[in-house]
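As a plain string of letters, each chain reads:
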Amino acid sequence: MSSICLVAALLIFSGSTDRSSGVSNINAAKASASASPSPETNVIRIGVPASVTGPGSTDDARVLLGLRYAHSVAPTLDIGSTTYKIDLVETDDSGTQAGAAAAAKSLGSANVSAVIGSFASAGERAALPTYKKAGLPTLALCGTAQDADSGALSLAAPASLTGSAAASLAQSLGRHNAAVLTDSADASSQVLGKAFVEAFTKLGGSCTEIAFSAGKKLDEQAVQAAESAGADVVFMVSSAEDGEAFLRLARKSGVICPVIGPSSWDAGLLLSDADYYSDNV
């Protein structure tokens, strides 16, 4: 995924998808490279805002490592007859909307030519107006609920598709009563949860919607609510950290039904813990 992100960002400059706009893209890249404060010539700087500290830092760390690896494999870009060096300009957005907005302002004055991130949907929404105003091409990774005119190229599947896929998975497991856990402070979590509810209901299932607070140690209320609902499957839209916290409490409390999460749950550490608690995750 991270390699695809970097390649997609580089294609913004190459103009390979549209010959008529290729010249302007190349000229813009050249102008940006020549304006860079770097002592090196022919450098294209790509901004990478991510949560190094704060909520979501575990998720973002994996994406950052992937981008760094992709950069090590493809550190240059040929535009016309000129080879440009690619620099990744990383900045901490602290995993908050305010931090993402501040990071956007910082990158806007750092002579970057494009941006990959923020990695969290809420951060993307907070930062995109600044990038759009600065005319910076932006590659959004997780923005399932972004507006069509956001100005970002998104690699994330829309919430309707992700929610429908998760609902189909739950139904294929022979499950009919779902507990749907969404972050009360995250609009994207709620949008994806709603998409699951709509799709699962159409498939003949029933849903109990439960809100939780991210960034805090999950208390037993969310687990008890899922248990009281008689859920035979759980769909939880959260970060890997919150997913792990829920799994720990749920399995210890005797909630042994399958638990389905979003793509951020592909974290190796979470999956290791999930294997410890149950195969059904």
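Residues numbered from 1 in each chain as written. Predicted model: local features only at pLDDT ≥ 70, side-chain atom pairs only at ≥ 80, totals over all residues. Heavy atoms only, no water.

## Some remarks on the nonpolar core
We count it as follows: By convention a nonpolar core is built from buried Ala, Val, Leu, Ile, Met, Phe, Trp, Tyr and Cys residues, the set being connected through side-chain atoms within 4.5 Å. Here the term buried applies to any residue with accessible area under 20% of the maximum for its type, exposed to any over 50%, and partly exposed to those in between, with areas from a 1.4 Å probe on protein chains only.
The biggest cluster of nonpolar side chains holds 17 residues, and the ones touching the most others in it are Ala 179, Leu 181, Val 234, Met 236, Phe 246 and Val 259. Counting 16 residues, the second-largest nonpolar core is a separate cluster that includes Ala 166, Ala 170, Phe 196 and Ala 199.

## Considerations on helix H9 (residues 240-252)
Note the threshold: The secondary structure listing takes helices from DSSP runs of H or I that are at least 4 residues long and strands from runs of E that are at least 2 residues long, numbered from the N terminus. Any helix carries an expected span of 1.5 Å times its number of residues minus one. Think of a polar contact as two N or O atoms within 3.5 Å of one another; within protein, one of them needs to be a possible hydrogen donor and the other a possible acceptor, and neighboring residues in sequence only count if both atoms come from side chains.
Taking 1.5 Å per residue as the helical rise, H9 with its 13 residues ought to reach 18 Å, and the 18 Å between its terminal C-alpha atoms agrees with that figure. Regarding H9, its N-cap is Ser 239, as a side-chain oxygen of that residue lies 3.3 Å from the backbone nitrogen of Asp 242 further along. Positive phi appears at Gly 254, one or two residues downstream of H9, with a value of about 95°.

## Remarks on the confidence of the model for the protein chain
Our working definition: Confidence scores here are pLDDT values: one per residue, from the predictor, ranging 0 to 100. What makes two residues a contact is simply this: any of their non-hydrogen atoms within 4.5 Å.
Overall, the prediction assigns the protein chain a mean pLDDT of 78, with 75% of residues at 70 or greater. Note that pLDDT drops below 50 for residues 7-39; the model gives that stretch 39 contacts with residues more than four away or on any other chain.

## Comments concerning the packing of helix H8 (residues 220-228) against H9
For clarity, the cut-off: Convention adopted: a line fitted to C-alpha atoms gives each axis, helices being fitted over their contacting stretch, and angles between N-to-C directions are expressed from 0 to 180 degrees. In this scheme, roughly parallel covers angles under 35 degrees and roughly antiparallel covers those over 145, while 65 to 115 is roughly perpendicular and the rest are oblique. Put simply, a crossing is left-handed when the front helix is turned counterclockwise from the back one by less than a right angle, and right-handed when it is turned clockwise. Gly is placed with the polar residues, together with every amino acid not listed as nonpolar (Ala, Val, Leu, Ile, Met, Phe, Trp, Tyr, Cys and Pro) or charged (Asp, Glu, Lys and Arg).
Interaxial distance between H8 and H9 falls to 9 Å at its minimum, and their mutual angle equals 55°. By the criterion of interaxial angle, the relationship of H8 to H9 is oblique. Two packed elements cross with a definite hand, and for H8 against H9 that hand is right-handed. Contacts between H8 and H9 involve Glu 220, Ala 222 and Val 223 from the first element and Phe 246, Leu 249 and Ala 250 from the second. Classifying every residue of the contact of H8 with H9 by side-chain character gives five nonpolar, no polar and one charged.

## Observations concerning the packing of aromatic side chains
The following threshold applies: Whether two aromatic rings pair depends on their centres lying within 6.5 Å, for rings of Phe, Tyr and Trp, where Trp uses its six-membered ring; planes under 30 degrees apart make the pair stacked, over 60 edge-to-face, and the rest tilted.
Going through the model one piece at a time under the given rule, you end up with two aromatic pairs. Considering the side-chain rings of Phe 196 and Phe 200, the 5.3 Å spacing of their centres and the 15° angle between planes classify their relative orientation as stacked. Linking Phe 196 with Phe 200, this pair stays in helix H7 (residues 187-202), spanning four residues, or about one helical turn. Chaining the aromatic ring pairs together yields one cluster made of Phe 196, Phe 200 and Phe 235.

## Section: the pairing of strand E8 (residues 206-212)
The condition is simple: Strands qualify as paired when DSSP identifies two bridges or more between them. Here is how to tell: hold the view so the strands point away, follow the path from the first strand over the helix to the second, and if it runs clockwise the crossover is right-handed.
Across seven bridges, the pairing between strand E7 (residues 177-183) and E8 is parallel. Bridge pairing in E8 places Leu 181 opposite Ile 210. Tracing the backbone out of E7, into H7 and back to the parallel element E8 gives a crossover that is right-handed.

## Overview of the pattern of salt bridges
For clarity, the cut-off: Just to be clear on terms, a salt bridge is a Lys or Arg side-chain nitrogen sitting within 4 Å of an Asp or Glu carboxyl oxygen.
Counted according to the given criterion, the structure contains three salt bridges. Asp 87 is the salt-bridge partner of Lys 85, the closest N and O atoms lying 3.8 Å from each other. On the accessibility criterion, Lys 85 (33% relative accessible area) is partly exposed. Among the ionic pairs, Arg 248 bridges to Glu 244, the shortest N-O distance being 3.0 Å. Of the two residues, Arg 248 and Glu 244 both sit in helix H9, four residues apart, roughly one turn of that helix. Assessed through its relative accessible area of 33%, Arg 248 is described here as partly exposed. The exposure class of Glu 244 is partly exposed, given its relative accessible area of 21%.

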